Amino acid sequence: MAESVAIGIQDFSKLIENNSFYVDKTNFIKEWWENRDDVTLITRPRRFGKTLNMSMLEYFFSVRHAGRSDLFEKLSIWQEEAYRQLQGTFPVIFLSFAGVKTGKYCQRYVFINQSAFRIFVQILWQKGSYFIR
């Protein structure tokens, strides 16, 4: 199947599974991991791929996506054995503000609280959760 250009897809697995055109940015994983920064601030203009890159990081590191090596096998990060061992080994909290389409403070506050609560419940009840032992 030929690659198609997908516009607006922010989910890494959907992009790869649909065989959509993807500029390999997985070297960012290696660069970020080796820098060992306490905090990483990613600032780019709108529509620059921030959410897609965060989705890529989630699929790479998250225990929820352990065993999804198929998403990375054709990408540059998979060339190094050390990084293959990292895939799917960390609890990850992924919170995107891409869906916040309001300028009103109280609505943004509600969105953020609801998102954080969904993530907490998801992690709390996840099989093999760090909270339930």
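Note that the structure is predicted; figures quoted are calculated from it, not measured.

Re the overall build of the protein
Assigned secondary structure in the protein consists of five helices and zero strands. Its helices and strands in sequence order give the protein the pattern α-α-α-α-α, from N to C terminus. When the backbone C-alpha atoms are referred to their principal axes, the protein occupies close to 45 × 40 × 30 Å. At a minimum sequence separation of 6, the contacts of the protein that also span at least 24 residues come to 61%. Taken as a whole, the protein presents about 9700 Å² of accessible surface, with 56% of it coming from carbon and sulfur. For the protein, the separation between the mean place of its 18 positive charges and that of its 13 negative charges on side chains is 11 Å.

Topic: the packing of helix α2 (residues 27–35) against helix α3 (residues 50–61)
Relative placement of two packed helices is described by the angle separating their axes and the distance separating the axes. Contact geometry of α2 with α3 gives a least axis separation of 10 Å together with a crossing angle of 75°. Classified by the angle between their axes, α2 and α3 sit roughly perpendicular to one another. Between α2 and α3, the contacting residues are Phe28, Ile29, Trp32 and Trp33 on the first element and Met56, Leu57, Phe60 and Phe61 on the second. The residue makeup of the contact of α2 with α3, split by class, is eight nonpolar, no polar and no charged.

Here we look at the environment of Lys30
Residue placement: Lys30 occurs in helix α2. In this structure, the C-alpha to C-alpha distance between Lys30 and Ile77, residues 47 residues apart in sequence, is 7.1 Å.

As for the nonpolar core
Within the largest apolar cluster, 17 residues are counted, with the highest numbers of intra-cluster contacts made by Phe12, Tyr22, Ile29, Phe60 and Phe72. Those elements that place two or more of their residues in this core are α1 (12–17) and α3. Broken down by element, the residue count for this core peaks at six residues, all from α3. Those residues within four positions of Phe72 in sequence are excluded, and the remaining contacts are Phe12, Thr26, Ile29, Met56, Tyr59, Phe60, Ile77, Trp78 and Gln87.

A short note on α3
For α3, spanning 12 residues, the distance from its first C-alpha to its last is 17 Å, which sits close to the expected 16 Å at 1.5 Å a residue. Across the 12 residues of α3, 10 count as buried, placing the element largely inside the fold. Every buried residue of α3 is accounted for by Thr51, Leu52, Asn53, Ser55, Met56, Leu57, Glu58, Tyr59, Phe60 and Phe61. Those residues of α3 hidden inside the fold are in contact with α1, α2 and α4 (81–84).

Side note on unusual backbone geometry
Of note in the backbone geometry, Asn19 takes a positive phi value of approximately 55° without being a glycine. Note on placement: Asn19 falls in the loop between α1 and α2. The class for Asn19 is partly exposed, based on a relative accessible area of 28%.

Comments concerning the layout of surface pockets
The volume enclosed by the largest pocket comes to roughly 1300 Å³. For the largest pocket, the lining is made up of 42 residues, of which Gly49, Lys50, Thr51, Leu52 and Asn53 are closest to its centre. Mapped onto the lining of the largest pocket, the elements with two or more residues apiece are α2 and α3. Broken down by element, the lining of the largest pocket gets its largest block of residues, eight residues, from α3.

Here's the deal with the pattern of salt bridges
Using the criterion set out here, one finds five salt bridges in the structure. The partner of Arg68 in a salt bridge is Glu17, with the nearest N and O atoms 2.6 Å apart. Residue Arg68 is found in the loop between α3 and α4, and its partner Glu17 is found in helix α1; the two are separated by 51 residues along the sequence. When its relative accessible area of 23% is taken as the criterion, Arg68 is described as partly exposed. The class of Glu17 is partly exposed, set by a relative accessible area of 48%. Each of Glu17, Arg68 and Asp70 takes part in one network of salt bridges that share partners.

Calculation criteria
- Residues numbered from 1 in each chain as written.
- Predicted model: local features only at pLDDT ≥ 70, side-chain atom pairs only at ≥ 80, totals over all residues.
- Heavy atoms only, no water.
- Helix = DSSP H or I, 4+ residues; strand = E, 2+ residues; numbered from the N terminus.
- Contact = heavy atoms within 4.5 Å.
- Areas by Shrake-Rupley, 256 points an atom, 1.4 Å probe, with all protein chains shown as cover.
- Lys, Arg positive; Asp, Glu negative; His and termini not counted.
- Charge placed at Lys NZ, Arg CZ, Asp CG, Glu CD.
- Axes fitted to C-alpha atoms, helices over the stretch in contact; angles between N-to-C directions.
- Parallel < 35°, antiparallel > 145°, perpendicular 65-115°, else oblique.
- Nonpolar A, V, L, I, M, F, W, Y, C, P; charged D, E, K, R; others polar.
- Core = buried A, V, L, I, M, F, W, Y, C linked by side-chain atoms within 4.5 Å.
- Buried < 20%, exposed > 50% of the residue type's maximum accessible area, 1.4 Å probe, protein only.
- Expected span 1.5 Å × (residues − 1).
- 1 Å grid on protein atoms, 1.4 Å probe; cavity = no way out; pocket = protein on both sides within 12 Å on 5 of 7 lines; lining within 4 Å.
- Points joined across faces, edges and corners; volume = space filled by probe spheres on them.
- Salt bridge = Lys/Arg side-chain N within 4 Å of Asp/Glu carboxyl O.

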